[in-house]
Amino acid sequence: MSEDTEVDVEVHEAVTYATRDAGELGLDLFVPAVDDPPLVVYVHGGGWVAETRDNVPEPERYAAEWECAIASVSYRLAAIPDALEDGVEFAIDPANDTPRGVFPDQFVDVKAAIRWLRANADEYGYDATAVAAWGASAGGHLALLAGVVDDVEALAGDAFSEADLEKAVAPDESGAVQAVVDWYGVADLTLVPDDPTNPASLLIGGPKSEHEAAFAQASPVTHVSVETPPVLCMHGREDTVVPIEHSRVLFDALDEAGVDAALYELHDRNHVWVTGGVEEIESERVAMELLTAAPTPAQSITETVHLEDGGSATSLIDGTPPAGPDAIERFLERTLE
């Protein structure tokens, strides 16, 4: 990826990738004018119930700087039942017309978007042989799940049926990804409170005590294996929305499975990189600015790289820059090469 050069970016907005009973799902695609750029699929946060694919950090800028195509994708949001509306901490924006559904609909949609993007790579001009998923918060959960479960139908089991996981979009394409960038994502749903108003309960369709198998099966940490692609995690130690324990549990599981991974812990940062309480959160659109604002936030960086006998170590993040776009760029260079 080049330095100190301006790269034009072709923007394709509101491209429909799937039509569900609840409505159409779209994506916005940002393709830099370079030969065969790799692809990054961004999955927005919002507690699985709020926000849209516009909730993404400056995709046109980072498509140019990283020389990666970036696709920000919509997925069916969870609904808030009328009986619970008064107890839920955030309300649904009536202007948000994103279709809604119950898990695993959200996972099915993210995997469908990945397959659609692979099927249409030649038309839009990017290389989808290697794909990274990048997500934040609830989107981090879905990006991680896309990383640890290659085929959407592999999630079938006691909690979810194969009918729940139908591949209606580009079924012959692979939904696997080759790298994951996770910002403060929910890695283990079994850690969340047993509360029907908790966003995870809205996602699954009921509280943990009534859906234990679904909470476990929908947790990325459940599916970590030696086949899991490299993962870059960034998480604030003071996160009061998604406690940092999620990333620590995930990192330990990745290490034990022999998966290359890096974990950035930002010492004084809350959710979406704010330094105060959650009332300061604006959106992921400004998250990178908060992450890179001077002075550099205090942070600890842990990396695990696994070698075969006779092999040599190569860091996932060359030079180990602070958390931010440089670290993500170097991770993508290493994993999507």
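Residues numbered from 1 in each chain as written. Predicted model: local features only at pLDDT ≥ 70, side-chain atom pairs only at ≥ 80, totals over all residues. Heavy atoms only, no water.

In the nomenclature of an unreviewed UniProt entry, the chain corresponds to Esterase/lipase-like protein from the organism Haloterrigena salina JCM 13891.

J.: So what exactly am I meant to see when it comes to the nonpolar core here?
T.: Nonpolar side chains tend toward joint burial in soluble globular proteins. Of all hydrophobic cores here, the largest spans 68 residues; its most connected members are Leu29, Leu39, Phe103, Leu117 and Tyr126. Beyond its immediate sequence surroundings of up to four residues, Tyr126 is in contact with Leu29, Val31, Pro37, Leu39, Ala69, Leu117, Asn120 and Ala121. The next biggest cluster of nonpolar side chains, apart from the first, holds 38 residues, and it includes Val9, Val40, Ala63 and Ala287. (Core = buried A, V, L, I, M, F, W, Y, C linked by side-chain atoms within 4.5 Å. Buried < 20%, exposed > 50% of the residue type's maximum accessible area, 1.4 Å probe, protein only. Contact = heavy atoms within 4.5 Å.)

J.: What is the right way to read the state of the cysteines from this model?
T.: Each disulfide is one covalent bond, formed between the sulfur atoms of two cysteines. Applying the stated criterion across every chain, the model contains 0 disulfides. Unpaired in this structure, Cys68 has its nearest cysteine sulfur neighbour in Cys233, at a distance of 19 Å. Classification of Cys233 by relative accessible area gives buried; the value is 1%. (Disulfide = S-S within 2.5 Å.)

J.: Is there a simple way to explain the packing of aromatic side chains in this structure?
T.: What describes a pair of aromatic rings is the distance from one ring centre to the other and the angle between the planes of the rings. A full pass over the atoms with the stated rule returns 9 aromatic pairs. Ring geometry for Tyr62 against Trp66: centres 5.0 Å apart, planes inclined by 35°, an arrangement best described as tilted. You can see Tyr62 and its partner Trp66 sitting in helix H1 (residues 59-66), 4 residues apart, about one turn around the helix. Taking the relative accessible area as the measure of exposure, Trp66 reaches 0% and is therefore buried. Taking 5.4 Å as the distance between ring centres and 85° as the angle between the ring planes, the aromatic pair formed by Trp134 and Trp183 counts as edge-to-face. With Trp134 in strand S5 (residues 131-136) and Trp183 in strand S6 (residues 179-183), the pair connects residues that are 49 residues apart, well separated along the chain. Trp183 sits in the buried class, given a relative accessible area of 0%. Ring-pair connections join several aromatic residues into one group, and the members of that group are Tyr42, Tyr62, Trp66, Trp134, Trp183, Tyr184 and Trp273. (Phe/Tyr/Trp six-rings, centres within 6.5 Å; stacked < 30°, edge-to-face > 60°. Helix = DSSP H or I, 4+ residues; strand = E, 2+ residues; numbered from the N terminus.)

J.: Before we go on, may I ask you to explain the UniProt feature "domain: BD-FAE-like" (unreviewed entry) in the chain in this structure?
T.: Feature annotation in UniProt assigns "domain: BD-FAE-like" (unreviewed entry) to the following positions: residues 102-254. Helix makes up 34% of residues 102-254 and strand makes up 11%, while its end C-alpha atoms are separated by 28 Å. (UniProt positions renumbered as here; feature names shortened; annotations may be inferred.)

J.: Would you explain the packing of H1 against helix H9 (residues 325-335) in this entry?
T.: Describing two packed helices takes the angle between their axes plus the distance from one axis to the other. With their axes 11 Å apart at the nearest point, H1 and H9 run at an angle of 55° to one another. On the basis of the axis angle, H1 is oblique to H9. Like other packed secondary-structure pairs, H1 and H9 cross with a definite hand, here right-handed. On H9, the residues that touch Tyr62, Glu65 and Trp66 of H1 are Pro325, Ile328, Glu329 and Leu332. (Axes fitted to C-alpha atoms, helices over the stretch in contact; angles between N-to-C directions. Parallel < 35°, antiparallel > 145°, perpendicular 65-115°, else oblique. Left-handed = near helix turned anticlockwise from the far one by under 90°.)

J.: Explanation requested: the side chain of Thr335 in the structure shown.
T.: Residue position: Thr335 is located in helix H9. A polar contact is formed between the side chain of Thr335 and the backbone oxygen of Phe331, at a distance of 2.8 Å. (Polar contact = N/O pair within 3.5 Å; in protein donor to acceptor, adjacent residues only side chain to side chain.)

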